Amino acid sequence: MTSFGPTGFQLVLLRRMADFQPDLADEARRRLGASLADQREANKRWQAMVRAPRSVRGDPRSRSRGALARYRSVLGPPESAEHRTIGDLECEALLWPLPLWPDLRFEVLAAPGGAVWNEWLVRAPDARGPVLRSPDDLLPWSATVDEVARAFAPVQPMEGTAPTRWRLAFTAQGRPCVAEFTYGLLQRVGPWPVIGRSWAGP
């Protein structure tokens with residue numbers, strides 16, 4: 001791999017998703033025309049970019065601001081950018097398309113100063129999301145955090161097992177469940193407490 005662009009970034013996402021869905025991630029890697037060695041190299045280069053020191057005189061916010069510049073350099077100009085208000089917070093939402101998931105967008109929420117608050121996959125504005133009526137509809141890679149939260153409200157956010165992971169606990173059809181996500185995309189759903197260990201129910 002001679003350059004690091006959208007393909008390399010997708011390989012990084014797949015490396016994390018392979019912890020839950022190795023077969024899906026391996027199939028997607030092949031669709032990108034990449035080998036396992038390419039994926040390892042992409043992850044190595046991404047980690048080097050993430051850990052690169054920022055030269056802003058020790059400002060702890062500089063690393064977060066650097067994350068936005070990193071996404072721009074790797075993914076290019078965003079497809080769209082809009083001002084958004086979340087509670088009392090003002091931010092900019094930037095969206096990038098990724099070929100592996102044409103109905104999704106990689107969303108970065110950034111503060112006015114450029115600090116990145118959140119980064120994950122969301123449904124594209126003009127794409128139709130899945131119909132979610134029961135836990136049986138929650139297939140791997142079929143839904144995003146927001147879609148599951150809306151379909152099975154009320155949900156209880158739980159701490160993820162890594163910075164790129166999220167978990168939601170909810171009850172559906174009398175069944176306590178926990179859904180796990182990587183970069184905002186659903187990976188698996190299981191019964192509580194087999195997956196979730198810190199939820200007491202709604």
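Quick caveat: nothing in here was measured; it's all calculated off a predicted structure.

Analysis parameters
- Residues numbered from 1 in each chain as written.
- Predicted model: local features only at pLDDT ≥ 70, side-chain atom pairs only at ≥ 80, totals over all residues.
- Heavy atoms only, no water.
- Pairing = 2+ DSSP bridges.
- Helix = DSSP H or I, 4+ residues; strand = E, 2+ residues; numbered from the N terminus.
- Core = buried A, V, L, I, M, F, W, Y, C linked by side-chain atoms within 4.5 Å.
- Buried < 20%, exposed > 50% of the residue type's maximum accessible area, 1.4 Å probe, protein only.
- Contact = heavy atoms within 4.5 Å.
- Salt bridge = Lys/Arg side-chain N within 4 Å of Asp/Glu carboxyl O.
- Phe/Tyr/Trp six-rings, centres within 6.5 Å; stacked < 30°, edge-to-face > 60°.
- Expected span 1.5 Å × (residues − 1).
- Arc of directions from axis to C-beta.
- Axes fitted to C-alpha atoms, helices over the stretch in contact; angles between N-to-C directions.

Examining the pairing of strand 2 (residues 89-97)
For step 1, the next point in the chain: Pairing geometry for strand 1 (residues 80-86) and strand 2, over seven bridges, is antiparallel. Paired with Ile-86 across the bridge in strand 2 is Leu-89.
For step 2, the next point in the chain: What sits between strand 1 and strand 2 in their antiparallel hairpin is a turn of two residues, with Gly-87 showing a positive phi close to 65 degrees.
For step 3, the next point in the chain: Sheet analysis places strand 2 next to strand 3 (residues 104-110), joined by six bridges and oriented antiparallel. Along strand 3, the bridge assignment pairs Leu-95 with Glu-107.
For step 4, the next point in the chain: The antiparallel pairing of strand 2 with strand 3 creates a hairpin that spans six residues between the two strands.

Overview of the nonpolar core
For step 1, the next point in the chain: In this structure, Phe-9, Trp-101 and Phe-106 are the most contacted members of the largest nonpolar core, which totals 31 residues.
For step 2, the next point in the chain: Secondary structure elements with two or more residues in this core: helix 1 (6-17), helix 2 (22-31), helix 3 (36-51), helix 4 (62-75), strand 2, strand 3 and strand 4 (116-123).
For step 3, the next point in the chain: If you tally residues by element for this core, the top one is helix 1, at six residues.
For step 4, the next point in the chain: Here Phe-9 is in contact with Phe-4, Trp-46, Tyr-71, Val-74, Leu-75, Leu-98 and Phe-106, once residues within four sequence places are set aside.
For step 5, the next point in the chain: By size, the runner-up hydrophobic cluster in this structure holds 16 residues, among which are Leu-138, Phe-152, Phe-170 and Ala-179.

Topic: the pattern of salt bridges
For step 1, the next point in the chain: Going through the model one piece at a time under the given rule, you end up with 10 salt bridges.
For step 2, the next point in the chain: The closest approach of N and O atoms between Arg-123 and Glu-147, which form a salt bridge, is 2.7 Å. On the criterion of sequence distance, the pair formed by Arg-123 in strand 4 and Glu-147 in helix 5 (residues 145-151) is long-range, its members being 24 residues apart.

Considerations on the packing of aromatic side chains
For step 1, the next point in the chain: According to the stated counting rule, one finds 11 aromatic pairs in the structure shown.
For step 2, the next point in the chain: Arranged with centres 4.8 Å apart and planes meeting at 25 degrees, the rings of Phe-152 and Phe-170 form a pair that is stacked. Of this pair, Phe-152 sits in the loop between helix 5 and strand 5 (156-158) while Phe-170 is found in strand 6 (residues 165-172), placing the two residues 18 residues apart along the sequence.
For step 3, the next point in the chain: Taking relative accessible area as the criterion, Phe-170 reaches 0% and is therefore assigned buried.
For step 4, the next point in the chain: Three or more aromatic residues joined by ring pairs make a cluster, and in this case those are Phe-4, Phe-9, Trp-46, Tyr-71, Trp-96, Phe-106 and Tyr-183.

Some thoughts on helix 3
For step 1, the next point in the chain: The end-to-end C-alpha separation of helix 3 is 23 Å, in line with the 22 Å expected for 16 residues at 1.5 Å each.
For step 2, the next point in the chain: Taken residue by residue, helix 3 has Gln-39, Ala-42, Asn-43, Trp-46 and Gln-47 as its buried positions. One side of helix 3 carries all its buried residues, which in axial view fall inside an arc of 130 degrees. Residues of helix 3 that are exposed and point more than 90 degrees away from the buried face comprise Lys-44 and Arg-51.

A closer look at the sheet that holds strand 5
For step 1, the next point in the chain: If you walk across this open sheet you meet the four strands as 5-6-7-8, and the pairing is antiparallel. Two strands lie at the open edges of the sheet, namely strand 5 and strand 8 (185-191), each paired on one side alone. The average angle at which neighbouring strand axes cross in this sheet is 25 degrees, direction not considered.
For step 2, the next point in the chain: Taken together, the three bridges between strand 5 and strand 6 define a ladder with antiparallel strand orientation. Residue pairing for strand 6: Met-158 is matched across the bridge by Arg-167.

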